[in-house]
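Letter by letter, the chains look like this.
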Amino acid sequence: MKAILIKITDLHQFYKQLIMMFFDSFIAIAMLFIAYSLRLGYWAIPSGSLFFAIIVSPLLVIPIFYSFRLYQSVVRYLGFKGLLSIAQAVTLYAVMWGLLSYMFSVNGVNGIPRSVIFINWMLCILSIGGSRVLARWIFRPINKTDNTNIIVYGIGSAGMELSN
């Protein structure tokens, strides 16, 4: 398992970003299907304009997440600011998706229930934020070099810099 994780960490940053974009696109589509099914109370596959709105949701997710710099950050060192950026990006995505799906839906018969937007927002925050935290937890202990303990003698600025 550790060998696989090391190979993943050794990938070029471009390939890591592609993997994250694919994963976020998959999560966006899956969470919309789940939100729609949770709202209706049974497993349903939407049809018509709603199905199209769900399938093209990655066209919103990827640019919004890219503008929030979620693909440039290193997941192993994700902190509170990163989780806040994820929450802001998902909120913008949910609002934009809701507005666009309402604009392009055909009257109220085949339209989406308003609660799907809120359910989708909650599910996306939990799944995307949770996946980043899980990745941080998995990849954090991966260290390619052996750490050795050292003693820093002296308290000058060079010693403080070395210690940090």
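Everything numeric in this text was worked out from a predicted model, so none of it was measured. (Residues numbered from 1 in each chain as written. Predicted model: local features only at pLDDT ≥ 70, side-chain atom pairs only at ≥ 80, totals over all residues. Heavy atoms only, no water.)

(A) Quick look at the layout of surface pockets. Of the volumes computed, that of the largest pocket is approximately 590 Å³. Along the wall of the largest pocket there are 21 residues; nearest its centre are Lys16, Met20, Val75, Ala135 and Phe139. At the level of secondary structure, the elements contributing two or more residues to the lining of the largest pocket comprise α1 (2–10), α2 (13–40) and α6 (114–139). Split by residue class, the lining of the largest pocket holds 11 nonpolar, 6 polar and 4 charged. (1 Å grid on protein atoms, 1.4 Å probe; cavity = no way out; pocket = protein on both sides within 12 Å on 5 of 7 lines; lining within 4 Å. Points joined across faces, edges and corners; volume = space filled by probe spheres on them. Helix = DSSP H or I, 4+ residues; strand = E, 2+ residues; numbered from the N terminus. Nonpolar A, V, L, I, M, F, W, Y, C, P; charged D, E, K, R; others polar.)

(B) Representation of the nonpolar core. Residues Phe65, Tyr93, Trp97 and Ile128 are the most contacted members of the largest nonpolar core, which totals 36 residues. For this core, the secondary-structure elements that each account for two or more residues are α2, α3 (49–55), α4 (58–67), α5 (80–104) and α6. Per element, the largest residue contribution to this core is 10 residues, and it comes from α2. (Core = buried A, V, L, I, M, F, W, Y, C linked by side-chain atoms within 4.5 Å. Buried < 20%, exposed > 50% of the residue type's maximum accessible area, 1.4 Å probe, protein only.)

(C) Inspection of a nonpolar patch on the surface at higher detail. Residues Ile4, Ile8, Leu11, Phe14, Tyr15, Leu18 and Ile19 make up a contiguous nonpolar surface patch of about 640 Å² in total accessible area. Listing elements by their share of the nonpolar patch, those giving two or more residues are α1 and α2. Ranked by the residues each element gives to the nonpolar patch, the list is headed by α2, at 4 residues. Taking relative accessible area as the criterion, Ile8 reaches 34% and is therefore assigned partly exposed. (Patch = residues over 30% accessible without salt bridge, like charges linked within 9 Å, V, L, I, M, F, W, Y side chains within 5 Å. Areas by Shrake-Rupley, 256 points an atom, 1.4 Å probe, with all protein chains shown as cover. Salt bridge = Lys/Arg side-chain N within 4 Å of Asp/Glu carboxyl O.)

(D) Summary view of the packing of α2 against α6. Two elements in contact, α2 and α6, have axes whose closest approach is 8 Å; the angle formed by their N-to-C orientations is 140°. Handedness of the α2/α6 crossing: right-handed. Here α2 contributes Met20, Phe23, Asp24, Ile27, Met31, Leu32, Ile34, Ala35, Tyr36, Leu38 and Arg39 to the contact with α6, which in turn contributes Ser115, Val116, Ile119, Asn120, Leu123, Cys124, Ser127, Ile128, Ser131 and Arg132. When the residues that make up the contact of α2 with α6 are grouped by side-chain class, the tally is 14 nonpolar, 4 polar and 3 charged. (Axes fitted to C-alpha atoms, helices over the stretch in contact; angles between N-to-C directions. Left-handed = near helix turned anticlockwise from the far one by under 90°. Contact = heavy atoms within 4.5 Å.)

(E) Highlighting α4. Considered for burial, the residues of α4 that qualify are Pro58, Leu60, Val61, Ile64 and Phe65. Relative to the axis of α4, the buried residues are bounded by an arc of 155° and lie together on one face. Turned more than 90 degrees away from the buried face of α4, the exposed residues are Leu59 and Ser67. Tucked inside the fold, the buried residues of α4 contact α2, α3, α5 and α6. Count one or two residues on from α4 and you reach Arg69, which has phi positive near 60°. (Arc of directions from axis to C-beta.)

(F) Layout of the packing of α5 against α6. One can describe the packing of α5 onto α6 by two numbers: an axis separation of 9 Å at closest approach and a directional angle of 150°. Viewed along their axes, α5 and α6 adopt a mutual orientation that is roughly antiparallel. Helix-helix and strand crossings are classified by hand; for α5 and α6 the assignment is right-handed. Residue-level contacts link Leu83, Ile86, Ala87, Val90, Thr91, Tyr93, Ala94, Trp97, Gly98 and Tyr102 of α5 to Arg114, Val116, Ile117, Asn120, Trp121, Cys124, Ile125, Ile128, Gly129, Arg132 and Val133 of α6. (Parallel < 35°, antiparallel > 145°, perpendicular 65-115°, else oblique.)

(G) Quick peek at empty space enclosed by the protein. Overall, the coordinates contain 1 cavity of 30 Å³ or more when judged by the stated rule. Looking at the largest cavity, its volume works out to about 40 Å³. Around the largest cavity sit Met20, Leu70, Ser73, Val75, Leu78, Gly82, Ile86 and Arg132, which together line it.

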